[in-house]
Amino acid sequence: MDTLNGYSRRWWKEAVVYQIYPRSFCDSNGDGIGDLRGVLSKLEHIKGLGVDVIWLSPHFDSPNADNGYDIRDYRAVMAEFGAMADFDALLCAIHTAGMKLIIDLVVNHSSDEHVWFAESRKGPDNPYRDYYIWRPGRGNEPPNNWTSIFLGPAWTREGDDWYLHLFASKQPDLNWENPKVRHEVHDLMRFWLDKGVDGFRMDVIPFISKDQEFKDLLADQCAKPQFAYTTGPKLHEYLQEMRREALAPYDTMTVGEAFGVTLDQTPLLIDERRGELDMIFQFDTVEIDRGADGRWKPWTLPELKRIFTRHEAALDKHCWPTVFFSNHDNPRVVSRYGDDSPQWRIKSAQVMATLLLTTKGTPFMYQGDEIGMTNFPFTAPEQFDDLWTKAAWREEVESGRTTSEAFLFNQNKVSRDHARTPMQWSDAPHGGFTSGTPWLAVNPDYVEVNARTSGALYDAFARLIALRHAEAALVYGDFRDRMPDHPHLFVYERTIDGKGFVVALNVSAEDQACDLPGDVVFSNYGDISPALRGWEARVCRL
Ligand code: ISL
Ligand code: CA
């Protein structure tokens, strides 16, 4: 097998991925909701970045309790997004443009409106009863103390029994213990693979196996139950079966959303000799600003840098990491890790783009990163759409535990809706996203922040992606942090046998002295100066 620096060479290790949240990307018909035709109309914008793979967030039929992460029919396209013919046309156009498409596999749970659940809830004798997880309560109390990630109990009562939902009550968990459920999943995977999709991003996949004892969470597990929900006894068995039964005949890439998986557990999921997943999303970079209670807390650069060093040490050459700073569940990169003031918005977003594209692991960027979209300035609870934020409002504010000011302060830092406001294509009304009324308000900064005003950032992405494609050391090279304790500089090497690059990032607005080689292959400033200027990014050949 072809290897480089001890790694097996794979197309998905060398790829850059661009995530689309279809609801908010581009509306082609004026109903205020992004759609597949809209995506098709913007393929040149994506292709121009040089990305290799598009990941499409769920495009399936759904009542949208959680914007498509609650699927009613795994084989149908969401009506607002178009028809199957639109999906086929999009897939064909993506392939014609030389890119690949991965889709979202959301099979820890379905919608409660899925026909399986409609049957299952009819009663204990229904043939679909065992497609979901029903248990008797403890008197009038739920079967155990598990809580939903979206707050409140993870069980809802219907008749004498309770069904499990680790997310909202409209997202009942599928019962993977039932072989029929697993066959259904393999079957629907083959349905999309036979159409030609190139792989899957797997939603909360480590939650699929449940310990059948359904023991109570211990007190110290309750604040972050996700770490308990990923330890089901048959997870690895199910993933190996899925590879054999569904994925093996196809040339795919898979990336599991490993919410609640520790770095120690990671090789069990992605070591290539085990035949489970190709990659996972590890949550440490995006949880850097979350405290033990899940609320926002300040973070420091040395903490962020340590994550990269930890990954390098924990994952051997049979494992392949991912890098991401954004997705549809997170605030905007430039507001969170950079400086979204007019003076530094582009430069600081370029610094984060340089980190994303020159460190170890397959990079995942999210729509709007390339134009430096910022967090939405939320001022009132009615502005939120996310069911999780609404649940938090009820649990924290309506109960009197938190003031509305404190709630808004925190949500302005952490809300998932920051990522979900529509793409800002131009300074036309609603940022050019729709000719109608957008389903979620466009960020009011669209006049200054849009695809037309942010070309310098888009170009930096394109140059960095081209550089990564040209230089094997930026993909397969070892990572070494040169100054782990520096509070403002992130300076690291990417090398194979001592040859490669040093990347220097100034994560501050002030000049920082730094000794670097003169052979500069990328810079976000027009000229080279002895010090690194505010939010300067430089890549030098060693
Ligand atoms: O969003 C999060 C942190 O900001 C996570 O807690 C998130 O809920 C978790 O990663 C699971 O996310 C995935 O499954 C959810 C869905 O709401 C998310 O959009 C999806 O990415 C349920 O399907
Ligand atoms: Ca539309």
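Preceding this section is the structure that the text describes.
Conventions and cut-offs
Sequence order as written defines residue numbering, which begins from 1 separately in each chain. Chain letters start at A and ligand numbers start at 1, both assigned in the order the entries are written. In keeping with the predicted nature of the model, local features appear solely for residues at pLDDT of at least 70, side-chain atom pairs appear and are counted solely at 80 or more, and the whole-chain, interface and lining totals rest on all residues. Computation of side-chain values: all heavy atoms of the structure, hydrogens and water removed. Side-chain atoms within 4.5 Å are what join buried Ala, Val, Leu, Ile, Met, Phe, Trp, Tyr and Cys residues into a set we call a nonpolar core. Think of it in three bands: residues with accessible area under 20% of the maximum for their type are buried, residues over 50% are exposed, and the middle band is partly exposed, with areas taken using a 1.4 Å probe on protein chains only. Pairs of residues are marked as contacts when any of their non-hydrogen atoms sit within 4.5 Å. Metal sites are built from N, O and S donor atoms within 2.8 Å, or 3.2 Å for Na, K and Ca, and they leave out water, so they may look incomplete. Using protein atoms alone on a 1 Å grid, points that fit a 1.4 Å probe yet trap it form a cavity, whereas open point sets bounded by protein on both sides within 12 Å along at least five of seven lines form a pocket; residues with an atom within 4 Å of a point count as lining. Grid points are joined across faces, edges and corners, and a volume is the space filled by probe spheres set on the points. Strands here are runs of E lasting at least two residues and helices are runs of H or I lasting at least four, both read from the DSSP assignment and numbered beginning at the N terminus. We call Asp, Glu, Lys and Arg charged. Ala, Val, Leu, Ile, Met, Phe, Trp, Tyr, Cys and Pro are nonpolar, and the rest, Gly among them, are polar. For each domain, the first and last residues come from an automatic or database assignment. We treat two strands as partners when DSSP finds at least two bridges between them. As a rule, the C-alpha atoms of each element are fitted with a line to give its axis, helices using only the stretch in contact, and angles between N-to-C directions run from 0 to 180 degrees. For the purposes of these results, a polar contact is taken to be a pair of N or O atoms within 3.5 Å, where, inside protein, one atom must be able to donate a hydrogen and its partner to accept one; residues adjacent in sequence count only when each atom of the pair is a side-chain atom. Any residue with a heavy atom lying within 4 Å of a molecule or strand is counted as near it. Each molecule is checked against the cavity or pocket grid, and it sits inside if more than half of its atoms lie within 2 Å of the grid points.

Enquirer: Teacher, can you tell me more about the nonpolar core here?
Expert: A general feature of soluble globular proteins is that nonpolar side chains tend to end up buried together. Ranked by internal contacts, the top residues of the largest apolar core, which has 155 residues, are F87 and M242. Not counting residues within four places of it along the chain, the set of residues in contact with F87 comprises L36, L56, H59, V77, L101, I103, W192, K195 and V197. In terms of nonpolar packing, the next biggest core, distinct from the first, is built from 8 residues, V491, C514, L516 and L532 among them.

Enquirer: Explain the coordination of the calcium ion (ligand 2) to me, please; I cannot follow it from the model alone.
Expert: For a metal bound by four donors in a tetrahedral arrangement, the ideal donor-metal-donor angle is 109.5 degrees, while six donors in an octahedral arrangement ideally sit at 90 or 180 degrees. Protein ligation of the calcium ion (ligand 2) involves D27 (OD), N29 (OD1), D31 (OD), I33 (O) and D35 (OD), the donor distances falling in the range 2.2 to 2.3 Å. Counting residues between consecutive donors of the calcium ion (ligand 2) along the chain gives the motif D-x1-N-x1-D-x1-I-x1-D. Each member of the pair D27 and I33 is classed as buried.

Enquirer: Quick question: what am I supposed to make of the layout of surface pockets here?
Expert: With a probe scaled to a water molecule rolled over the atoms, the places where space remains empty come into view. Volume-wise, the largest pocket comes out at about 1100 Å³. I149, L151, F259, G294 and W388 are the residues nearest the centre of the largest pocket, which is lined by 44 residues in total. For the lining of the largest pocket, the elements supplying multiple residues, two or more each, are α12 (387-398) and α13 (404-414). For the lining of the largest pocket, the element with the most residues is α12, which contributes 5 residues. Residues belonging to the lining of the largest pocket are distributed by class as follows: 17 nonpolar, 12 polar and 15 charged. Here the lining of the largest pocket spans two domains, since at least three of its residues come from each of domain 1 (12-110 + 180-462) and domain 2 (115-164).

Enquirer: Help me understand the sheet that holds strand β4 (residues 53-56) in this model?
Expert: Hydrogen bonding along the main chain pairs the strands of a sheet, whether they run parallel or antiparallel. Spatially, 8 strands are ordered β13-β12-β11-β7-β4-β3-β15-β14 in an open sheet, and the strand pairing comes out parallel. Here the strands that pair on one side only, and so sit at the sheet edges, are β13 (279-281) and β14 (322-324). Neighbour to neighbour, the strand axes of the sheet diverge by 25 degrees on average, direction disregarded. Taken together, the 3 bridges between strand β12 (residues 253-257) and β13 define a ladder with parallel strand orientation. By the bridge assignment for β13, V255 is matched with M279.

Enquirer: I'm lost on the side chain of E257 in this one. Help?
Expert: Position of E257 among the secondary structure elements: in strand β12. Within polar-contact distance, the side chain of E257 engages the side chain of R201 at 3.4 Å. In this view, E257 contacts R201, M202, D203, V204, I205, P206, F281, F283 and D329; residues no more than four positions away in its chain are not counted.

Enquirer: So what exactly am I meant to see when it comes to the site of ligand 1 here?
Expert: Around ligand 1 sit 17 residues in total, of which D66, D203, E257, H328 and D329 are the nearest. Here an oxygen atom of ligand 1 and a side-chain polar atom of R416 are 3.1 Å apart. Here ligand 1 is seated within the largest pocket. Across the shell around ligand 1, the residue classes break down as 7 nonpolar, 3 polar and 7 charged.

Enquirer: I keep staring at the pairing of β12 and nothing clicks. Help me out?
Expert: Here is the key point about a regular strand: its side chains alternate between the two faces of the sheet. Most of β12 sits inside the fold, with 5 of its 5 residues counted as buried. In β12, alternate side chains face the same way, and those of M253, V255 and E257 on one face and T254 and G256 on the other are all buried. Examined bridge by bridge, strand β11 (residues 199-202) and β12 share 4 bridges and lie parallel to one another. Looking across to β12, one finds that M202 is bridged to G256.

In short, the description is geometric, and any link to function would need to be established separately.
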